[in-house]
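Fold and contact review
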Amino acid sequence: NGSLIPDRESDRVRAEVWFNLLVRNLTDREISELLSSALVAHVAVVDGELPYVGPLSFVYANGVLAFRTLDGRRLAAIRQNPNVSVEVTETGPGIADWTSVIIDGTASVIDGTAEAGQLLSRLVAKYRAAYGTSPPRWLTDDSSHLVAITPNLIAGRASGGTRPGRFEPPSDDV
């Protein structure tokens, strides 16, 4: 615009165009595949006034994301405020290659329900290859709790990967 003062609207448009060149939305099928194959997710809970994020093993089945957790900060926060956000990412082969799914939802402890039995069976089956015949205590012990997250929103994106110009800033020509 010829001024020394930045034109915020043109900067926003330029950034949006650049972002759209580098990132694409996942299809429903791609989202489902990532949620089925990924081994680690990160769940964000609200602990009082502060966010708390931690990794977890999970299963996604019948439109619900489920995980086991012991008594502690995460479970106490969920019981206080069931609004959660889950992030699942796979990376590679290049440093800038990633695929990610975000789920915003409502968490509830479902111990002792028929749904819990089905989800726990799927969870154990998913990780059997990693843990062999001796799964960790938190996966099978009665002192851990099964939490189910009912999604309110599911969104997935993937990077454009590594290619010439990947890290170059947008030019003024965009």
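Summary of the structure given here. Since we're looking at a predicted model, the values are computed, not measured.

1. Focus on the overall build of the chain
Along its length, the chain carries five helices and eight strands. Traced from its N-terminal end to its C-terminal end, the chain shows the element sequence α-β-α-β-β-β-β-α-β-β-α-α-β. Burial analysis of the chain (174 residues in total) assigns 33% to the buried set. Expressed as a percentage of contacts within the chain between residues at least 6 apart in sequence, the contacts between residues at least 24 apart total 70%. Of the roughly 10400 Å² that the chain leaves accessible, carbon and sulfur atoms contribute 54%.

2. Remarks on the environment of A41
You can see A41 is positioned in strand 2 (residues 41–47). Among the residues examined, A41 registers a relative accessible area of 0% and is labelled buried. Sequence spacing of A41 and F58 is 17 residues, and the spatial spacing of their C-alpha atoms is 7.0 Å.

3. A short note on the packing of aromatic side chains
Tallying each qualifying case throughout the model produces zero aromatic pairs. Taking NZ or CZ as reference, K126 lies 3.8 Å from the ring centre of F58, over its face.

What counts, and where the lines are drawn
- Residues numbered from 1 in each chain as written.
- Predicted model: local features only at pLDDT ≥ 70, side-chain atom pairs only at ≥ 80, totals over all residues.
- Heavy atoms only, no water.
- Helix = DSSP H or I, 4+ residues; strand = E, 2+ residues; numbered from the N terminus.
- Buried < 20%, exposed > 50% of the residue type's maximum accessible area, 1.4 Å probe, protein only.
- Contact = heavy atoms within 4.5 Å.
- Areas by Shrake-Rupley, 256 points an atom, 1.4 Å probe, with all protein chains shown as cover.
- Phe/Tyr/Trp six-rings, centres within 6.5 Å; stacked < 30°, edge-to-face > 60°.
- Lys NZ or Arg CZ within 6 Å of the ring centre and 35° of its normal.

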